[in-house]
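Chains, contacts and geometry: an overview
Read off the chains here:
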There are 4 protein chains.
Amino acid sequence: MTNLAAAADHRRDEPRTGVLLLRCPDAPGIVAAVAGFIAERGGNIVDAQQHTDRSSNQFFQRLVIELDDLDVAPEDLPSAFAPVADALDMTVEFHRTDRPLRVAILASRQEHCLIDLLHRYRAGELPMDPVLVASNHPEAGELTSWFDVPFHHVPIGAEGRDAQEAHLEELLVEADTELVVLARYMQVLSPGFCDRWAGRCINIHHSFLPAFAGSDPYRQAHARGVKVIGATAHYVTAELDAGPIIAQDVGRVTHRDTVEDFVRRGRELEVTVLASAVAAHLEHRIIVAGDRTIVFS
Amino acid sequence: MTNLAAAADHRRDEPRTGVLLLRCPDAPGIVAAVAGFIAERGGNIVDAQQHTDRSSNQFFQRLVIELDDLDVAPEDLPSAFAPVADALDMTVEFHRTDRPLRVAILASRQEHCLIDLLHRYRAGELPMDPVLVASNHPEAGELTSWFDVPFHHVPIGAEGRDAQEAHLEELLVEADTELVVLARYMQVLSPGFCDRWAGRCINIHHSFLPAFAGSDPYRQAHARGVKVIGATAHYVTAELDAGPIIAQDVGRVTHRDTVEDFVRRGRELEVTVLASAVAAHLEHRIIVAGDRTIVFS
Amino acid sequence: MTNLAAAADHRRDEPRTGVLLLRCPDAPGIVAAVAGFIAERGGNIVDAQQHTDRSSNQFFQRLVIELDDLDVAPEDLPSAFAPVADALDMTVEFHRTDRPLRVAILASRQEHCLIDLLHRYRAGELPMDPVLVASNHPEAGELTSWFDVPFHHVPIGAEGRDAQEAHLEELLVEADTELVVLARYMQVLSPGFCDRWAGRCINIHHSFLPAFAGSDPYRQAHARGVKVIGATAHYVTAELDAGPIIAQDVGRVTHRDTVEDFVRRGRELEVTVLASAVAAHLEHRIIVAGDRTIVFS
Amino acid sequence: MTNLAAAADHRRDEPRTGVLLLRCPDAPGIVAAVAGFIAERGGNIVDAQQHTDRSSNQFFQRLVIELDDLDVAPEDLPSAFAPVADALDMTVEFHRTDRPLRVAILASRQEHCLIDLLHRYRAGELPMDPVLVASNHPEAGELTSWFDVPFHHVPIGAEGRDAQEAHLEELLVEADTELVVLARYMQVLSPGFCDRWAGRCINIHHSFLPAFAGSDPYRQAHARGVKVIGATAHYVTAELDAGPIIAQDVGRVTHRDTVEDFVRRGRELEVTVLASAVAAHLEHRIIVAGDRTIVFS
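In this text, all values refer to a predicted model and were calculated from it rather than measured experimentally.

1. Brief notes about the overall build of chain A
- Counting its regular elements, chain A contains 9 helices and 13 strands.
- Whereas a compact globule of 297 residues would reach a radius of gyration of roughly 19 Å, chain A reaches 21 Å, a difference of no more than 12%.
- Here the C-alpha coordinates of chain A stretch approximately 60 × 45 × 35 Å along the principal axes.
- The 297 residues of chain A split such that 58% are buried.

Quick look at the structure:
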């Protein structure tokens with residue numbers, strides 16, 4: 001874990017920062033009001049990105065601020081900011097960047113996304129605290145252990161799928177999980193589960209949604225004779241493969257490619273698209289707005 | 001038209017060639033039988049590409065052969081080849097490359113695809129003989145005339161859509177049209193028309209099909225919150241936007257992009273995808289196999 | 001010109017806006033100081049993007065503000081803002097978005113980039129006022145006239161290249177040109193010219209710079225056996241093909257592609273890359289920082 | 001190693017095949033002569049791809065043939081074919097696809113390419129026999145051992161770089177290495193080594209060559225302000241980073257990306273480009289022609 005330690009060391013030298021994710025009805029003066037508050041309290045705005053959605057007239061902003069010179073403790077920032085937020089009818093999320101999110105990864109037989117996430121974590125690329133990996137198959141256990149991450153084999157047993165999901169969710173809750181990543185976890189989750197983890201559960205689907213939702217998308221794509229295949233990372237919702245899209249990418253295929261070639265080529269897309277979506281979530285760069293996402297860069 | 005003339009001159013120096021598009025059940029010895037026939041008759045194989053579809057056990061081949069040293073006249077080649085083809089249960093198409101296809105372009109209010117095709121033709125990029133442009137709107141007339149291509153304004157009048165389509169088809173037939181290109185022609189064509197022009201009518205749809213078939217795909221795509229948009233060129237069939245796909249491409253979009261931005265970005269995709277599909281057809285590089293296409297390079 | 005008129009009409013309904021491009025040494029409180037000034041004067045910030053370059057410790061910001069409720073006239077905004085700017089050691093550029101830049105396009109024998117820019121202008125995509133097209137060859141005249149843009153044939157005559165460039169520059173100055181676009185203009189410009197038009201002259205080079213600078217890049221690329229080709233739009237500087245890069249794109253090629261295929265494929269890249277760079281300049285989204293550009297989205 | 005075993009099982013069901021890579025001066029009748037020979041000997045051509053380079057007048061062909069019905073043993077095929085080859089002045093390479101190449105991977109501190117190759121091997125994606133991994137750093141040892149591949153730590157010691165290279169090469173020779181993959185191996189190899197392994201040693205360079213050859217290409221690229229970064233896999237030659245290119249890919253970057261971001265983004269490109277080049281070599285799809293490669297699909 002040398003690399004990760006080095007990355008952490010590197011980060012320690014930098015000033016501590018926090019991220020504010022803001023959303024409110026658009027109006028003149030928002031930027032000034034927020035920036036004025038930060039300046040008044042001694043903070044420095046390291047990065048600011050904003051977006052105004054004209055159709056819904058909503059304003060969105062992501063601010064990265066230095067915490068060290070603030071005249072309030074980081075944990076008190078939200079309440080100190082509340083009067084400004086209230087006046088603007090603003091929804092506020094605050095995250096400290098020195099505290100990585102607690103992440104659980106659910107996997108199945110296909111290991112490529114799991115492997116990639118764990119290697120990126122080890123290389124210091126993903127600011128996360130992997131609290132557990134769970135799978136309905138035992139194969140990934142050896143690999144996961146090699147990364148010193150706890151592994152749970154949670155098969156679908158005689159008690160059925162509901163019992164298995166309940167067991168899984170118990171593990172997630174016990175580990176104080178903040179983000180669930182479905183790394184080619186091939187089981188459909190119940191609407192209740194999806195609702196409880198709304199905005200905190202990312203899935204990778206192996207097609208460019210909304211094309212080829214459901215099972216076996218590469219086979220569907222091959223039958224349709226497409227010339228591009230894709231992968232889509234999205235937040236999970238009760239409706240299958242219909243949640244807000246975070247990231248997508250595509251690759252070209254030709255008539256020479258079989259379904260198996262689609263699968264192999266697709267793995268590269270799945271891996272990079274999922275990693276990109278998970279990184280955006282971990283770095284607090286995403287705001288969900290209805291069926292769409294705002295992903296700041 | 002200097003550029004085109006220069007291109008034609010250039011081609012004149014090269015040996016005359018013909019293209020054979022072959023399809024038959026796969027079996028040992030096909031390549032040898034075909035190549036042997038060509039060699040025996042004095043022909044030289046300039047290029048050969050083949051594909052075997054394992055699932056249907058079909059063999060496909062595209063051959064480019066020099067015609068000048070053949071001991072049969074080009075027009076007699078198919079009949080000379082018939083015994084070989086019959087023995088292999090082979091379907092044969094033969095095209096001379098010194099005779100460009102007669103192409104009709106149907107357009108509507110959006111002119112970008114029409115403009116692009118005409119400029120590529122003028123630059124010597126597309127080996128076609130543009131016999132007419134027709135539109136249900138008059139705007140494209142001035143531009144088309146500038147390229148010395150006959151223009152027909154065929155509005156949907158009091159007699160309705162069927163009469164308009166009949167009028168259009170009459171024009172196509174009178175002009176001995178070999179390929180119809182729907183360059184953002186926004187009218188749905190009747191099943192009868194689609195059947196009569198099967199494999200000879202290319203449409204550009206402004207989404208990565210099968211996602212967002214039907215009308216207003218950019219609006220659909222924006223509502224779904226996709227992160228990539230696309231364009232698809234396909235042969236027209238009676239089922240809307242469901243014909244065999246020839247070419248697709250995609251571009252990235254972000255939350256900053258409005259529907260209008262999608263439209264603008266999409267234009268570049270539509271233009272290059274349609275041109276690529278039309279070029280493949282004009283160069284006799286496509287074989288339609290059921291719902292899919294084999295597009296040789 | 002119906003489309004452009006419609007686009008202009010559409011814009012007229014929207015509130016008038018202005019763009020501020022700001023640059024200064026990074027320090028706490030910049031965002032608040034600027035936003036506070038705008039708010040105080042009654043302005044509304046429609047869009048704000050910022051960037052801090054850590055290596056040079058420079059802060060960059062692009063603000064779009066509504067002008068109508070400001071308590072200063074747009075032309076007086078820079079002087080009203082001067083005290084804030086001075087205190088922060090800030091360089092300020094201000095542009096009104098209702099006044100398109102006056103653009104001159106220099107072309108040569110290859111017309112594809114010229115054609116594309118004029119069509120985009122006509123379609124309302126590029127907010128520019130095309131004051132002239134000049135070429136050392138006469139061919140583009142007919143086309144340019146069709147778009148109602150003045151055309152000047154400025155050949156390299158007996159007096160040589162310096163005299164020709166001087167004549168060209170005279171035309172540019174007389175037309176109050178604000179941006180010069182080299183749309184595959186194949187002549188090397190003198191260092192003096194490059195200096196006088198620094199930051200106001202965009203060239204398209206047909207390679208992914210810095211690879212294959214200089215002449216005949218597609219031939220160089222083919223000889224090197226590359227698997228991707230590219231195009232680069234950059235500001236012109238005295239050193240050939242070494243100015244700050246604004247936009248780049250690439251496309252795949254294979255061993256089947258000849259130099260001529262590279263040229264044909266490259267045209268599509270050149271056209272989209274140049275249009276993208278010109279749009280960024282016209283929309284005041286670029287700040288040049290040394291040898292690099294910041295291109296806001 | 002379950003997956004790989006499954007993949008091997010799967011292959012066992014398929015007919016045994018061999019690959020012929022042919023090259024000769026272009027002439028009429030080559031295709032017929034070769035196909036005729038195969039048919040005569042009872043072979044079936046499963047796939048055939050060809051390419052004629054007009055500038056050098058060379059013909060190249062890759063044939064995949066079924067071996068089981070041949071009336072010669074696979075090992076005798078080259079000598080049986082010799083008369084045909086001699087008559088056409090043809091260079092012939094023959095490979096059996098049921099015998100994976102023996103591959104040595106040289107790595108250094110950066111492990112991402114090594115990890116990716118080993119995982120693809122394990123997943124059955126790369127038909128290779130990994131005989132050893134060697135590195136001038138010890139870190140990769142633990143990981144390599146996990147894949148049951150022999151690891152050698154070959155540091156540059158007191159005897160210097162020549163001695164270290166000699167030691168490395170001894171290991172390669174002892175292991176009957178057929179392909180050397182430099183998976184971000186950061187040492188420059190001697191001209192003698194490069195000559196001895198010509199066409200059998202693949203390097204991944206982290207730029208789109210020929211831009212940014214030599215050391216620290218991401219830093220060079222950042223300083224130049226490029227908007228795309230890339231990776232290039234090529235055969236190693238005595239001239240640094242100048243060997244025949246096998247595969248390249250690029251990704252977009254913006255002014256927001258630091259050198260570190262380039263490095264991170266670049267890793268994904270390096271991994272996929274190297275894997276694609278290694279797969280092409282292992283599947284005998286590459287013919288080197290001077291400074292260029294023909295990579296059949």
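2. Here's the deal with the interface of chain C and chain D
- Each side of the interface is counted separately: chain C has 33 residues, and chain D has 33 residues.
- Here chain C meets chain D over a buried area of about 2,800 Å², counting both sides, of which 52% is carbon and sulfur.
- It is Arg224(C), His255(C) and Arg292(C) in chain C that bury the most area against chain D; as a group they hold 27% of the surface buried on that side.
- The tally of links from chain C across to chain D stands at 2 salt bridges.

3. A short note on helix 2 (residues 30-40) of chain C
- Looking only at helix 2 of chain C, the buried set comprises Ile30(C), Val31(C), Ala32(C), Val34(C), Ala35(C), Phe37(C) and Ile38(C).
- Here the buried face of helix 2 of chain C lies against helix 2 (30-40) and strand 2 (44-53) of chain A together with strand 1 (17-25), strand 2 (44-53), strand 3 (58-66) and helix 3 (77-87) of chain C.
- Positioned one or two residues after helix 2 of chain C, Gly42(C) has a phi angle of 90°, which is positive.

4. Observations concerning the domain arrangement of chain A
Residues and elements named next belong to chain A.
- Parsing chain A into structural domains produces domain 1 (3-96) and domain 2 (101-295).
- Averaged C-alpha coordinates put domain 1 and domain 2 at centres separated by 29 Å.
- Listed as interface residues are 14 residues of domain 1 and, on the opposing side, 13 residues of domain 2.
- In this assembly, domain 1 packs against domain 2 so that about 1,100 Å² is buried in total across both faces, 63% of it on carbon and sulfur atoms.
- At the surface where domain 1 touches domain 2, the tally comes to 0 salt bridges.
- Inspection of the region where domain 1 meets domain 2 yields 4 residue pairs in polar contact (both at pLDDT 80 or more).
- Elements that contribute at least two residues to the side of domain 1 that touches domain 2 include exactly helix 1 (2-13), strand 1 (17-25), strand 2 and strand 3 (58-66).
- For the side of domain 1 that touches domain 2, the residue count by class is 6 nonpolar, 4 polar and 4 charged.

5. Digging into the sheet that holds strand 10 (residues 228-235) of chain C
Residue and element names in this part refer to chain C.
- With respect to topology, 7 strands assemble into an open sheet ordered 7-6-5-8-9-10-11, the strand pairing being mixed. Only two strands of the sheet have a single partner each, and these edge strands are strand 7 (151-153) and strand 11 (245-252). Averaged over all pairs of adjacent strands, the angle between their axes in this sheet comes to 20°, without regard to strand direction.
- Note: strand 5 (residues 101-107) against strand 6 (residues 128-135), 7 bridges, orientation parallel. Each bridged residue has a counterpart across the sheet, and for Ile105 the counterpart in strand 6 is Val133.

6. Quick notes on the sheet that holds strand 7 (residues 151-153) of chain A
All names here are of chain A.
- Sheet architecture is open: 7 strands sit in the order 7-6-5-8-9-10-11, paired in mixed fashion. Bordering the open sheet on either side are strand 7 and strand 11 (245-252), each of which pairs with just one other strand. Pairs of neighbouring strands in the sheet enclose a mean axial angle of 20°, with direction left out of account.
- As paired elements, strand 5 (residues 101-107) and strand 8 (residues 179-183) share 5 bridges and run parallel to each other. The partner of Ala107 across the bridge, within strand 8, is Ala183.

7. Concerning the interface of chain B and chain A
- At the interface, 33 residues of chain B touch 33 residues of chain A.
- The junction of chain B with chain A conceals about 2,800 Å² of combined surface from both sides, 52% of it contributed by carbon and sulfur atoms.
- The three residues of chain B that bury the most area against chain A are Arg224(B), His255(B) and Arg292(B), which together make up 27% of that side's buried surface.
- Between the two partners, chain B and chain A, sit 2 salt bridges.
- Here Asp249(A) makes a salt bridge to Arg252(B), at a shortest N to O gap of 3.0 Å.

8. A look at the relation of the copies chain C and chain D
- Superposition record for chain C on chain D: RMSD 0.0 Å, screw rotation 180°, translation along axis 0.0 Å. On the angle and the small slide along the axis, the relation comes out as a two-fold axis. Looking at the rotation axis and the C-alpha trace of chain C, the residue lying nearest is Ala211(C), at 2.3 Å.
- With an isologous cut-off of 70% or more, the 100% of interface residues of chain C that recur at the interface of chain D puts this contact in the isologous class.

9. Regarding the packing of helix 2 (residues 30-40) of chain D against helix 3 (residues 77-87) of chain D
Residues and elements named next belong to chain D.
- In contact at an axis separation of 11 Å, helix 2 and helix 3 are set at 140° when each is read in the N-to-C sense. By the angle between their axes, helix 2 is oblique relative to helix 3. Crossing handedness for the pair helix 2 and helix 3: right-handed. Here Ala33, Val34 and Phe37 of helix 2 come into contact with helix 3, specifically with Leu77, Ala80, Phe81 and Val84.

10. Observations regarding the nonpolar core
- By size, the foremost hydrophobic cluster in this structure holds 200 residues, and its most contacted members are Ile105(A), Ile105(B), Ile105(C) and Ile105(D).
- Not counting residues up to four positions away in its chain, the partners in contact with Ile105(B) are Leu114(B), Leu117(B), Leu118(B), Met128(B), Leu132(B), Val133(B), Ala134(B), Val181(B) and Ala183(B).

11. Quick word on the pattern of salt bridges
- Considering all chains together, one arrives at 75 salt bridges over all chains under this definition.
- The shortest N-O distance in the salt bridge between Asp116(C) and Arg120(C) comes to 2.7 Å. Pair noted here: Asp116(C) and Arg120(C) are both in helix 4 (residues 112-122), with a separation of 4 residues, about one helical turn. Grouping residues by exposure puts Asp116(C) and Arg120(C) together as buried.
- Measuring nitrogen to oxygen at the nearest pair gives 3.1 Å for the salt bridge that ties Asp98(D) to Arg96(D).
- A residue is classified by how much of its surface remains accessible, and Arg96(D), at 30% relative accessible area, is partly exposed.
- Through salt bridges with shared partners, one network takes in Asp116(A), Arg120(A), Glu125(A), Arg267(D) and Glu268(D).

12. Quick notes on the environment of Arg196(C)
- As for its placement among the helices and strands, Arg196(C) is situated in helix 7 (residues 191-196).
- As a C-alpha pair, Arg196(C) and Thr237(C) span 41 residues in sequence and 9.7 Å in three-dimensional space.

13. So, the relation of the copies chain B and chain A
- Structural alignment of chain B on chain A gives an RMSD of 0.0 Å, achieved by rotating through 180° and translating 0.0 Å along the axis.
- Interface overlap between copies: 100% of the residues of chain B at the interface are likewise at the interface in chain A, consistent with a symmetric, same-surface contact.

14. Quick look at the packing of aromatic side chains
- Tallying each qualifying case throughout the model produces 19 aromatic pairs over all chains.
- These aromatic residues form a ring-pair network of at least three members: Trp146(A), Phe147(A), Trp146(D) and Phe147(D).

15. Considerations on the side chain of His222(B)
- As for its placement among the helices and strands, His222(B) is situated in helix 8 (residues 217-224).
- The buried category is assigned to His222(B), whose relative accessible area is 13%.

The rules we used
- Residues numbered from 1 in each chain as written.
- Chains lettered and ligands numbered in written order.
- Predicted model: local features only at pLDDT ≥ 70, side-chain atom pairs only at ≥ 80, totals over all residues.
- Heavy atoms only, no water.
- Helix = DSSP H or I, 4+ residues; strand = E, 2+ residues; numbered from the N terminus.
- Rg over C-alpha atoms; globule rule 2.2 N^0.38 Å.
- Buried < 20%, exposed > 50% of the residue type's maximum accessible area, 1.4 Å probe, protein only.
- Contact = heavy atoms within 4.5 Å.
- Buried area = accessible area lost by both parts, 1.4 Å probe.
- Salt bridge = Lys/Arg side-chain N within 4 Å of Asp/Glu carboxyl O.
- Domains from an automatic or database assignment.
- Polar contact = N/O pair within 3.5 Å; in protein donor to acceptor, adjacent residues only side chain to side chain.
- Nonpolar A, V, L, I, M, F, W, Y, C, P; charged D, E, K, R; others polar.
- Pairing = 2+ DSSP bridges.
- Axes fitted to C-alpha atoms, helices over the stretch in contact; angles between N-to-C directions.
- Least-squares fit on C-alpha atoms with pLDDT ≥ 70 in both.
- Parallel < 35°, antiparallel > 145°, perpendicular 65-115°, else oblique.
- Left-handed = near helix turned anticlockwise from the far one by under 90°.
- Core = buried A, V, L, I, M, F, W, Y, C linked by side-chain atoms within 4.5 Å.
- Phe/Tyr/Trp six-rings, centres within 6.5 Å; stacked < 30°, edge-to-face > 60°.

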